[in-house]
Amino acid sequence: MWDNHTFSRICTQIDRLEPEMVEMQRRLVALPAISPKSGGEGEQARAEYLKQVLETWGLEVEEFRAPDPLAPCGYRPSLLAQLRAENSSGPTLWVMTHLDIVPAGARELWRTDPFVAVVEAGRIYGRGTEDNQQELVASCFAVRALLDLGLRPARDVSLLFVADEETGSEFGIGWLMKNHQLFHMDDLVVVPDAGNEDGTLLEIAEKSIAWVKFTTTGQQAHGSAPHHGRNAHRAGANLLVRLDRFLHEKYSARDELFSPPVSTIEPTKKEANVPNVNTIPGEDVFYFDCRMLPQFRLEELLADMKLIAAEITKEFGVTVEVETEQFAQAAPPTPVEAPIVRMLARAVEAVYGKVPTPKGIGGGTVAAFLRRAGIPAVVWGKFEGQAHKPNEFSVIANMVGNAKVYAHLFGQR
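Definitions and cut-offs
Residues numbered from 1 in each chain as written. Predicted model: local features only at pLDDT ≥ 70, side-chain atom pairs only at ≥ 80, totals over all residues. Heavy atoms only, no water. 1 Å grid on protein atoms, 1.4 Å probe; cavity = no way out; pocket = protein on both sides within 12 Å on 5 of 7 lines; lining within 4 Å. Points joined across faces, edges and corners; volume = space filled by probe spheres on them. Helix = DSSP H or I, 4+ residues; strand = E, 2+ residues; numbered from the N terminus. Nonpolar A, V, L, I, M, F, W, Y, C, P; charged D, E, K, R; others polar. Buried < 20%, exposed > 50% of the residue type's maximum accessible area, 1.4 Å probe, protein only. Pairing = 2+ DSSP bridges. Axes fitted to C-alpha atoms, helices over the stretch in contact; angles between N-to-C directions. Contact = heavy atoms within 4.5 Å. Salt bridge = Lys/Arg side-chain N within 4 Å of Asp/Glu carboxyl O. Phe/Tyr/Trp six-rings, centres within 6.5 Å; stacked < 30°, edge-to-face > 60°. Lys NZ or Arg CZ within 6 Å of the ring centre and 35° of its normal. Parallel < 35°, antiparallel > 145°, perpendicular 65-115°, else oblique. Left-handed = near helix turned anticlockwise from the far one by under 90°.

> Please explain the layout of surface pockets as it appears in this structure.
Space left empty within the atom packing is revealed by a probe, the size of a water molecule, rolled over the atoms. In this structure, the largest pocket occupies an estimated 1000 Å³ of space. Lining the largest pocket are 40 residues; nearest its centre among them are E165, D193, G363, G364 and T365. Secondary-structure elements contributing two or more residues to the lining of the largest pocket are α4 (129–149), β8 (201–206), β9 (208–217), β14 (319–328) and α9 (367–372). Per-class residue counts for the lining of the largest pocket are 14 nonpolar, 15 polar and 11 charged.

The following block contains the structure:
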């Protein structure tokens, strides 16, 4: 553990580096790393910039290229930068952020160009500034502060910058774990990709996720002659209401580890059926987004949905197709007593003066890939909740403060 004097020196150096942190954010905003699936060119330009900077600092940087025929360069890059301890022994400490961002969305909702960083009132505006550039930059400059002061971490530190987090990780951490032996079972991993406004949430568990599509098919007819058709919209509406009522009644258990402490079962997207009022639709399509407590098996949930769909089929003379868009059983949680949980809690309290709490969330993160492999991982960050929003911003004080949290971690044994 750093002594108080040393940690104070590190924090002072991080404060001095704030202008360079802001400048890195500017450069990253101008290099949008958007998945080819979302109309972008991938992470190549951003990875090249970051690799050059980190090597200039004196870090060892390794590049991994996952083949992707949709990317103009033919691959999706991930980077690994390492800072060795004086005596390399024991588990490695990892901070894993992601290179890619989501598209800007509707430009008319932005006050400024989403790909030109604007610094204003202690904030940096631009797409990707909080998700996930804030933590990417913070982790880099925590290492940079040690380099500037001639300090070595208590254990080997690995910064992993992965591709493709925003569109499923097929070419990111998923590909890395299939093709490279990077991690060991006792490694310590922080994934700074979710959190809350005061930094007190240590995410150690996630819910299972099921996105389910329901397509009801009847027979189109004129609105004045319903006896000539079978109204798919009415059948679909009945299906939605019955699903909503039954599933909430059956899957009503609570688990206070999670926030919210229940399974969330929400009808969400609704596709258009007919363009005019006086036509009875022959097709109706809607979706449910289900975030289930891990104690429930998704296979049982899907079977219940299909049973209710069968009832609707019989009652209304329609057909109902039930398809899964996403279907992922929750990974095992990271134990509350895991070393990385205790270490991160100490670091957060040392920097922010607040005691964090281990909790579970409904959203899925790339930490699930590690947890499924038996590697404890904690998801953390001090965030303003700007991910994917128009006029996304990063609070500079959060970026600087979070760098100090990582630096504190780097000194712990």
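> Which parts of the structure should I look at to understand α4?
For the α-helix, the turn length of 3.6 residues means that residues three or four positions removed from each other point alike. With 18 of 21 residues buried, α4 is to be regarded as a mostly interior element. Phi turns positive, to about 70 degrees, at G150, one or two residues after α4.

> Just checking my understanding: could you explain the sheet that holds strand β17 (residues 393–395) for this structure?
Backbone hydrogen bonds hold the strands of a sheet together, and the pairing may be parallel or antiparallel. Spatially, 3 strands are ordered β4-β5-β17 in an open sheet, and the strand pairing comes out antiparallel. Two strands close off the open sheet at either side, each with one partner strand: β4 (118–120) and β17. Each neighbouring strand pair of the sheet contributes to a mean axis angle of 20 degrees, computed without reference to strand direction. One ladder, built from 3 bridges, connects β4 with strand β5 (residues 123–125); its direction is antiparallel. In the sheet register, V119 faces β5, and the bridge partner there is I124. Sheet strands in contact with helix α10 (residues 396–410) are β4, β5 and β17, and its direction is about 55 degrees off that of β17.

> Help me understand the pattern of salt bridges, please; the structure alone is not making it clear to me.
Pairing of side chains with opposite charge becomes possible as their charged atoms draw close. Across all of its chains, the model carries 23 salt bridges by this definition. Two residues, K51 and E55, come together in a salt bridge whose shortest N-O distance is 2.9 Å. On the criterion of helical spacing, the pair formed by K51 and E55 is a turn pair, its members being 4 residues apart in helix α3 (residues 44–57). Taking relative accessible area as the criterion, K51 reaches 22% and is therefore assigned partly exposed. Put simply, K250 and D304 hold a salt bridge, and the shortest N to O gap is 2.8 Å. Note that K250 is positioned in helix α6 (residues 232–250) and D304 in helix α7 (residues 298–316), a separation of 54 residues in sequence. Connected via shared salt-bridge partners are E43, D68, R76 and D164.

> Looking at this structure, I do not really get the packing of aromatic side chains. What am I missing?
Two aromatic rings, taken as a pair, are described by how far apart their centres are and by the angle between their planes. Counted under the stated rule, the structure contains 8 aromatic pairs. Taken together, a centroid distance of 5.2 Å and an interplanar angle of 20 degrees make the contact between F214 and F286 stacked. Here F214 is found in strand β9, whereas its partner F286 is found in strand β13 (residues 283–292), with 72 residues between them in sequence. Judged by relative accessible area, F286 falls into the buried class, the value being 2%. Geometrically, the ring pair formed by Y251 and F296 is edge-to-face, given 5.0 Å between the ring centres and 90 degrees between the ring planes. In this pair, Y251 is assigned in the loop between α6 and β11 (264–270) and F296 in the loop between β13 and α7, connecting sequence segments 45 residues apart. The exposure classification of Y251 matches that of F296, with both residues buried. Members of the aromatic cluster, joined through ring pairs, are F214, F286 and F288. A cation over a ring is seen here: R111 above Y125, with NZ or CZ 5.0 Å from the ring centre. Directly above the ring of F393 sits R123, whose terminal nitrogen or CZ lies 3.9 Å from the centroid.

> How do you make sense of the packing of helix α1 (residues 4–16) against α4 when you look at a structure like this?
How two helices pack is summed up by the angle between their axes together with the distance between the axes. Contact geometry for α1 and α4: axes closest at 9 Å, N-to-C directions at 115 degrees. Between α1 and α4, the crossing angle belongs to the class labelled roughly perpendicular. Where α1 crosses over α4, the handedness of that crossing is right-handed. For the pair α1 and α4, the contacting residues are R9, I10, Q13 and I14 in the first and F141, A142, A145, L146, D148 and L149 in the second. For the contact of α1 with α4, the class distribution of residues is 7 nonpolar, 1 polar and 2 charged.

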